[in-house]
Amino acid sequence: MRLPKAMTAITLALAATLLTTGCMPGSKPEREQAAAGGGAPGKPDERAPVIATVEAQVSHAGHVVPLKVELFGPRRDQGFVTVNVRVTNLTPEGQGSSLGWQINDAFAGSTRSVGGKQSFSGVYLLDRKNHKQYLVARNANEEFLASTNLNAVFVKPQQAAELFATFGAPPADVTAVDLAIPQIPVFENVPLG
């Protein structure tokens, strides 16, 4: 039995809304995600282990902030790939802003915030095999399927925040991609689980 087109569109829109508002089974509500540093889908013990780490520096309020970025192994799920990273502020304790480093638009690249909330939306996957770039997916309301409200996330020295972004999955025969995050060295040949 086939559903009418209108019913299918409503079902897809509802699923996308539930996914982005954190109402899917096992996910955190949005306010808890922001409090945890932008959030990441699933619990830490459900994610793959860290597969790569890079160090970088970003500018913030006239200061240079040293960072460590850890990449958890991305996983395919129902036509999507979700990337999780942990960003640690390496500034020595007692130095820098007392509030910490405000993530804000550090990883937005050329994307624009939705509703004034900055997101982890400038990241992309690069499929070298097919010469294709995969941008962060969006829901029916054009909101990014990624950590949002990053203008409200401050990472104090020696503390970390976890961020995520979801993409449409490359074809099944693509077993590795490059992950590009604005201002961070590229993670090359990242295996897709």
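Residues numbered from 1 in each chain as written. Predicted model: local features only at pLDDT ≥ 70, side-chain atom pairs only at ≥ 80, totals over all residues. Heavy atoms only, no water.

Peer 1: With reference to specific residues and values, describe the pattern of salt bridges.
Peer 2: Overall, the coordinates contain 6 salt bridges when judged by the stated rule. With its nearest N and O atoms 3.0 Å apart, the salt bridge here joins Glu70 to Arg86. With a gap of 16 residues between them, Glu70 in strand β2 (residues 63-72) and Arg86 in strand β4 (residues 80-89) connect regions that are remote in the sequence. By relative accessible area, which is 12% here, Glu70 ends up buried. Asp178 is the partner of Arg128 in a salt bridge, and the nearest nitrogen-oxygen pair spans 2.6 Å. Here Arg128, found in the loop between β6 (124-127) and β7 (132-135), pairs with Asp178, found in strand β10 (residues 176-181); they are 50 residues apart in sequence, far enough to count as distant. Salt bridges here are not isolated pairs; linked through shared partners, they connect Glu70, Arg86 and Glu162. (Salt bridge = Lys/Arg side-chain N within 4 Å of Asp/Glu carboxyl O. Helix = DSSP H or I, 4+ residues; strand = E, 2+ residues; numbered from the N terminus. Buried < 20%, exposed > 50% of the residue type's maximum accessible area, 1.4 Å probe, protein only.)

Peer 1: I'd like a description of the packing of aromatic side chains, backed by residues and values.
Peer 2: Scanning all chains against the criterion turns up 2 aromatic pairs. Relative to Phe107, the ring of Trp101 lies with its centre 6.0 Å away and its plane at 80°, an arrangement referred to as edge-to-face. The burial state of Trp101 is the same as that of Phe107; both residues are buried. A centroid spacing of 5.7 Å and a plane angle of 90° characterise the contact between Phe107 and Phe120, whose relative ring orientation is edge-to-face. With Phe107 in the loop between β5 (101-102) and β6 and Phe120 in the loop between β5 and β6, the pair connects residues that are 13 residues apart, well separated along the chain. For Phe120, a relative accessible area of 1% translates into the label buried. (Phe/Tyr/Trp six-rings, centres within 6.5 Å; stacked < 30°, edge-to-face > 60°.)

Peer 1: Before we move on, could you go through the side chain of Asn89 and cite the residues and values that matter?
Peer 2: As for its position among the elements, Asn89 is in strand β4. When neighbours within four sequence positions are excluded, Asn89 is seen to be in contact with Val65, Pro66, Leu67, Trp101, Val155, Lys156, Pro157, Gln158 and Gln159. (Contact = heavy atoms within 4.5 Å.)

Peer 1: So what about the pairing of strand β1 (residues 50-60)? Which residues, and what values?
Peer 2: Examined bridge by bridge, β1 and β2 share 10 bridges and lie antiparallel to one another. Note on β2: the bridge partner recorded for His60 is His63. Between the antiparallel neighbours β1 and β2 lie 2 residues, among them Ala61 with a positive phi of about 50°. (Pairing = 2+ DSSP bridges.)

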